[in-house]
Amino acid sequence: MQSTTVNGNHSAGFDNTYIRLQEKFFHHCNPDKVPQPRLICFNNELADHLNLRLQGLSDMDLAGYFSGNMLFADSEPIAMAYAGHQFGSFVPQLGDGRAILLGEIVTLKGKRYDIQLKGSGRTRWSRGGDGKSALGPVIREYIVSEAMHALGVPTTRALAMVTTGEEVLRQTGKLPGGILTRVASGYMRIGTFEYFLARNDLEAIGQLADYAIRRHYPEAARDENPYISFFKQVCDRQAALVAKWMQLGFIHGVMNTDNTSICGETIDYGPCAFMDEYDHNTVFSSIDIHGRYRYGNQGGIILWNLSSLAHCLFHLFDEDEDTSRSLYTPILEHTQVQFLHNWQQGMLKKVGLNKVEEKDIELVENYLDILREQNVDYTLAFRYLADNINRNTLSGRYSALFKRPEELDNWMLQWKKRLLRESASGANIVSLMNRTNPAYIPRNHRVEKAIQQAEKENRFEEIQRFMDVLKNPFSEQPDTAEYMLPPTTEERVLQTFCGT
Ligand code: AMP
Ligand code: MG
């Protein structure tokens, strides 16, 4: 449908900078109009934080603006250009095929964010797609991204969700359509740089890097080699991010370079999911046939993606090829070590240890082995572990997670011995564990349940209830067992689809 979007007379307070770059970085395009926009979720808390000027707007107005039927007077909508390695193969032209950047907003503390509609119609980069989103994946992204934020993981956030009143055609048939408004510190991806490398436009790569430094890494500008400093900081943020995913059992599902953010946030929630039973080889994504993006492979993949970024910035590091290589290679090596370090630190906290001793990581690995052998729920195996600290026998709910709890005897003995040394130094172990191990994660079967209710019954209470629980993932709340417990055999979701 051609855009018949109308310009509203309301300004959101945008302050746009990406659009001041040359036009080769983006394409102007308006969202499509949809027949019946209805606001089903709006994140007031985030809107306030962003300093968006929405005062005086009714729900109907908000549905208009966040479906793309109306444009804020100061919106300058664009789709951004990018390429990417998808499952290891390079695609020179991807770009925002179903996302439109409405504008940038600066918070009262001076932090800049991008506000984007996802699912609002075709752009220059839609290729064969319709530019739309089905409601299901919009709900999944809304719930999971907000849950990730509450869990303390850097992520894009969800501002609004609307149903469109139109149907979209997907492999499984006709589905109700939806539009998500999402917010990021920035939407530049590794693939944004790759787009220009594929065109041998080295000048554009320099301009992009300068923009990214100004916006996301201003301190790098003061370094002797700002581009090396920029690269190193992207590596640091990604090594921290993916280690955090691992700690929580999160599987991104499509870690292509076009889904790897320059500012270090989790972006593009497609067929993502949290693991229930612990297994390094867990894959949910229906399109990840070879398990490239399986749970335990994410640390290796992020390094692979960062090497692609190094390849793009190669000429900026130094004009001389050997010097350039000698500058970035140690950074990649360090990132590998740093990722492992972050992972170890995170895992040690999960068993209540802050001060690291030599054999500690072995203790964690032995525990993970037991979980894998007995198909134990990853999240609860850590959450309930703290129950046992001041007891001689295992707590009932903990013990019930295991098929053969007696096989824990030796491990428990070792762990408690180690905890004695930790608590001797005054550490509050239970508090550390409860701050580290969530009681609630957005379990796939519960996300699916919320989606089913919305799709089949046009009701959205389950989304709201679920999100209320997920807001405080580290404190156990009354009457919420259904959100805390793993799926029964019938409830299990084995695959998630990115059919957006
Ligand atoms: P993603 O799976 O979200 O990483 O998307 C990969 C690429 O496909 C991006 O360039 C998207 O913009 C594009 N894309 C995905 N779904 C659609 C769609 N329904 N219409 C147009 N482009 C799409
Ligand atoms: Mg993507």
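About the cut-offs
- Counting restarts for each chain, with residues numbered from 1 along the sequence as it is written.
- For naming, the first written chain is A and the first written ligand is 1, with later ones following in the order written.
- Under the rules for a predicted model, residues below a pLDDT of 70 receive no local features and side-chain atom pairs below 80 are neither given nor counted, while totals for whole chains, interfaces and linings still include all residues.
- Side-chain figures throughout are based on the complete set of non-hydrogen atoms in the structure, without hydrogens or water.
- Definition used for salt bridges: Asp or Glu carboxyl oxygen within 4 Å of a side-chain nitrogen of Lys or Arg.
- Each helix is a run of H or I in the DSSP string that is no shorter than four residues. Each strand is a run of E no shorter than two, and both are numbered from the N terminus.
- Only protein chains enter the area calculation, which uses a 1.4 Å probe; residues under 20% of their type maximum are buried, those over 50% are exposed, and those in between are partly exposed.
- Put simply, two rings from Phe, Tyr or Trp (the six-membered ring, in Trp's case) pair if the centres are within 6.5 Å, and we call them stacked under 30 degrees between planes, edge-to-face over 60, tilted for the rest.
- Lysine and arginine charges are scored as sitting over a ring when NZ or CZ, respectively, is within 6 Å of the ring centre and within 35 degrees of the ring normal.
- Near, as used in this document, describes a residue that has one of its heavy atoms within 4 Å of the molecule or strand being considered.
- Nitrogen and oxygen atoms within 3.5 Å of one another constitute a polar contact, given that in protein one can donate a hydrogen and the other can accept it, and given that sequence-neighbouring residues count only through two side-chain atoms.
- Only the protein chains shown count as cover for residues, and the accessible areas themselves come from Shrake-Rupley with a 1.4 Å probe.
- In this classification, the charged set is Asp, Glu, Lys and Arg, the nonpolar set is Ala, Val, Leu, Ile, Met, Phe, Trp, Tyr, Cys and Pro, and all remaining amino acids, among them Gly, are polar.
- Segmentation of the chain into domains, including their bounds, is taken from an automatic or database domain assignment.
- Side-chain atoms within 4.5 Å are what join buried Ala, Val, Leu, Ile, Met, Phe, Trp, Tyr and Cys residues into a set we call a nonpolar core.
- Only heavy atoms enter the contact rule, under which two residues are in contact if any of them lie within 4.5 Å.
- Accessible surface is computed with a 1.4 Å probe, and the buried area is the amount of it that two parts give up when combined, taken over both parts together.
- Here, axes are lines fitted to C-alpha atoms. For helices the fit covers the stretch in contact, and angles between N-to-C directions go from 0 to 180 degrees.
- Every angle not falling under 35 degrees, over 145, or within 65 to 115 is termed oblique; those three ranges are roughly parallel, roughly antiparallel and roughly perpendicular.
- Rotating anticlockwise by less than a right angle from the far helix to the near helix defines a left-handed crossing, while the corresponding clockwise rotation defines a right-handed one.

Counted according to the given criterion, the structure contains 35 salt bridges. A salt bridge links D268 to R189; its shortest N-O distance comes to 3.1 Å. Of this pair, D268 sits in the loop between β13 (250-251) and β14 (273-274) while R189 sits in the loop between β12 (173-184) and α4 (190-198), and the two are 79 residues apart along the sequence. Accessibility assignment for this pair places D268 and R189 in one class, buried. Residues joined in a network through salt bridges with shared partners are D15, E104, R112, D114 and R215.

Applying the stated criterion across every chain yields a total of 25 aromatic pairs. Feature note: the residues Y278, Y295, Y367, Y378, F382, W411 and W415 constitute an aromatic cluster, connected by ring pairs. For the cation-ring pair, K111 lies above Y113, with the distance from its terminal atom to the ring centre recorded as 4.8 Å. Of note, K350 hangs over the ring of F382, and the distance from its end group to the ring centre comes to 4.7 Å.

Neighbouring ligand 1 are 18 residues; G95, G97, R98, R127 and G131 lie closest to it. One of the side-chain N or O atoms of D130 is found 3.1 Å from a nitrogen atom in ligand 1. Expressed as a share of its isolated accessible area of 480 Å², the protein-covered part of ligand 1 is 84%. For the shell around ligand 1, the residue count by class is two nonpolar, eight polar and eight charged. Counting contributing residues per domain, the shell around ligand 1 is built from domain 1 (6-187) and domain 2 (191-349), each supplying no fewer than three.

Of all hydrophobic cores here, the largest spans 132 residues; its most connected members are F193 and F230. Broken down by element, the residue count for this core peaks at 13 residues, all from helix α6 (residues 226-248). Contacts of F193, omitting those with residues within four sequence positions, involve M188, I205, L208, A209, F230, I262, L309, C312 and L313. F14, F66, F72 and L117 belong to the second largest nonpolar core, which has 27 residues in total.

The next thing to look at is the domain arrangement of the protein. Along its sequence, the protein is organised into domain 1 (6-187), domain 2 (191-349) and domain 3 (351-500). Between domain 2 and domain 3, the C-alpha centre-to-centre distance is 28 Å. Taken over both partners, the interface formed by domain 2 and domain 3 buries close to 2,600 Å², and the fraction arising from carbon and sulfur atoms is 60%. Among the residues of domain 2 in contact with domain 3, Y278, L348 and K349 are the three that bury the most area, contributing 31% of the side total. Linking R443 and D276 is a salt bridge whose minimum nitrogen-to-oxygen distance equals 2.7 Å. Where domain 2 packs against domain 3, one counts 13 residue pairs in polar contact (both at pLDDT 80 or more). Within the residue set of the side of domain 2 that touches domain 3, elements represented by two or more residues are α6, β14 and α8 (321-350). If one sorts the elements of the side of domain 2 that touches domain 3 by residue count, α8 sits on top with seven residues.

Turning our attention to the environment of Q238. With respect to the helices and strands, the residue Q238 is situated in helix α6. Given a relative accessible area of 2%, Q238 falls into the buried group. As a C-alpha pair, Q238 and E406 span 168 residues in sequence and 39 Å in three-dimensional space. The contact partners of Q238, leaving out residues within four places of it in the chain, are T260, S261, G264, I302 and L306.

With that out of the way, let us pick up the packing of α4 against helix α7 (residues 298-317). It is the contact of α4 with α7, at a shortest axis distance of 9 Å, that shows an interaxial angle of 40 degrees. Between α4 and α7, the angle is such that the two are oblique. With respect to the hand of their crossing, α4 and α7 are arranged in left-handed fashion. Along its contact with α4, which presents I190, F193, E194 and L197, the element α7 presents N305, L306, S308, L309, H311, C312 and L313. Classifying every residue of the contact of α4 with α7 gives seven nonpolar, three polar and one charged.

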